Amino acid sequence: MHRVLHNGRVDGARTSVELRAHNRVRLLRAVHECGAGRTRSELTRDLDLARGTASVLVTGLIDDDLVSESPTPGHARGRPTQVPGPHPHGPLVLAADLREDAWDLAVCEIGGRTTVVDSRSHDGSPTGALPPLGDAIRAQLGPRVVGVGVAVAGPVRSGRIVDIAHLSWRDVDVAELLAVGHAPLHIGNDARLAGLAEARRGRLRGVDLGLHLHVDFDPGGTLLVNGTPLAGGSGTAGEFGHMPLADPSGMPADRRRHCACGAQGCWSLQVGGNALLDHFGLTTGGGRGRSVSERILADAARGDPAAVEAVAVNARALGMGIGALVNALDPRVVTLSGMGTDLLALARDEIEAAYLAGLMAFRRPRPAEIAPSTLDRRGPLIGAMESAFDAFLTVPGLQGWRASHARSDELFPPTDVASKSAR
Ligand SMILES: [Zn+2]
């Protein structure tokens, strides 16, 4: 067997036909990963291809409706340089970000442009959240859709079984409740997908060992090794929010409680939206309270003393946990997304003081930098897109596309997605 490694090198291609198939994948992957922002000659150089080879490959990709070329913007004289980008009839991926209180659904094209087409709040129950999202996904399916990526706010087992502690989801079969038929479905943890997005299109691009933390109602994350999130033995690594960083015996009696995950002393009890609510004695769980926690952040930004203190408590706990993770894992950079970027903007000093205090002395002269995500709130959605395109941007993926799109779009009714993915 052979495969295209993520760095673009080909492992085990033997014949010229195999090599050409692999180079098609490399080229299309490069177009996707650069955001359709590099010229044909730049890509040729990046991939170390001969000019003639690149020309043949691009022509083949254009013939298969996988890319189209447009002239470099602002080109003035001579023959314009062409920039390969998404084809108007080319492959699409659907990406969903399922949070504890709402979801977004986006349509995404080669190059990474994502367009949110539907967003709804839900009641936190599996049947309240998932079937309507499944309906919205099915409404978007068509012959151009090559995969569906879904980010969920909990650990994912066997690619489909999800637990979300704050919503009391136990062994929820997300794939069954979404019921999207034969469309290839890729379900992943939101924090890990946010890290994947950061590695592909954000601050962790090109970083050999990065730690990403995504903070929403509570924190989660992933360690990225050469851009690949560490999955863990059963696929559930990265539940950093459930490290027992807080000694419950040292807490006041009224706070000596178990985390919704079943463990006690979890970092989650101190960091994120739920911890902000808890600071003011408000009820947490069930996906409630996002607007209240956002108001607390806004109040803190305006200097309201109680909100500033709540944010500082949260920030110190965040910094302490980052110190523990950096001592253990030695990442080059730590990136924060979701509410983590707000905490960094509002209370960087508190985060860094707690972080440095928790670092081993030999690390302190050159501590790993803590940086905000460059992807705003879209990390989980972008990561969900990448997980679906990763499965498509392979030799079998492109062969399947070619077989089902041979020359005439009209031959393929909307049900084609089901038949294509069933192969
Ligand atoms: Zn926990």
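This is a predicted model, so every value here is computed, not measured. (Residues numbered from 1 in each chain as written. Predicted model: local features only at pLDDT ≥ 70, side-chain atom pairs only at ≥ 80, totals over all residues.)

### Some details on helix α1 (residues 16-33)
- When the terminal C-alpha atoms of α1 are compared, their 25 Å separation across 18 residues agrees well with the 26 Å that a helix rising 1.5 Å per residue should span.
- All buried positions along α1 are accounted for by A21, H22, N23, R24, V25, R26, L27, L28, R29, V31, H32 and E33.
- One or two steps after α1, the chain reaches G35, where phi turns positive at roughly 70°. (Helix = DSSP H or I, 4+ residues; strand = E, 2+ residues; numbered from the N terminus. Expected span 1.5 Å × (residues − 1). Buried ≥ 20, exposed ≤ 12 C-beta atoms within 10 Å, placed from the backbone.)

### Structural notes on the sheet that holds strand β10 (residues 161-164)
- Pairing in this open sheet of three strands is antiparallel, and the strands run β9-β10-β11 from one edge to the other. Of all the strands in the sheet, the pair left with one neighbour each is β9 (156-157) and β11 (169-173). (Pairing = 2+ DSSP bridges.)

### Side note on the nonpolar core
- If you look at the biggest cluster of nonpolar residues, it comprises 107 residues, and the most contacted ones within it are L28, A95, A96, V150 and L343.
- Broken down by element, the residue count for this core peaks at 10 residues, all from helix α9 (residues 305-329). (Core = buried A, V, L, I, M, F, W, Y, C linked by C-beta atoms within 7 Å.)

### Focus: the pairing of β10
- Burial along β10 is one-sided: V162 and I164 are buried, while I161 and D163, pointing the other way, are not.
- Strand direction decides the pairing type here: β9 and β10, joined by two bridges, are antiparallel. The partner of R157 across the bridge, within β10, is I161.
- Bridging between β10 and β11 involves three bridges; their strand directions are antiparallel. Counterpart to V162 in the pairing with β11 is V172.

### Some remarks on unusual backbone geometry
- The backbone of S158 sits at a positive phi, close to 55°, despite the residue not being glycine.
- Mapped onto the fold, S158 is located in the loop between β9 and β10.
- For D171, which is not glycine, the phi torsion reads 55° and is therefore positive.
- Locating D171 in the fold gives a position in strand β11.

### Structural notes on the environment of D190
- Inspection of the secondary structure puts D190 in helix α6 (residues 190-201).
- Every residue in contact with D190, bar those within four places of it in the chain, is listed here: D97, A151, V152, A153, H214 and P380. (Contact = placed C-beta atoms within 7 Å.)

The analysis is restricted to geometry; functional conclusions fall outside its scope.
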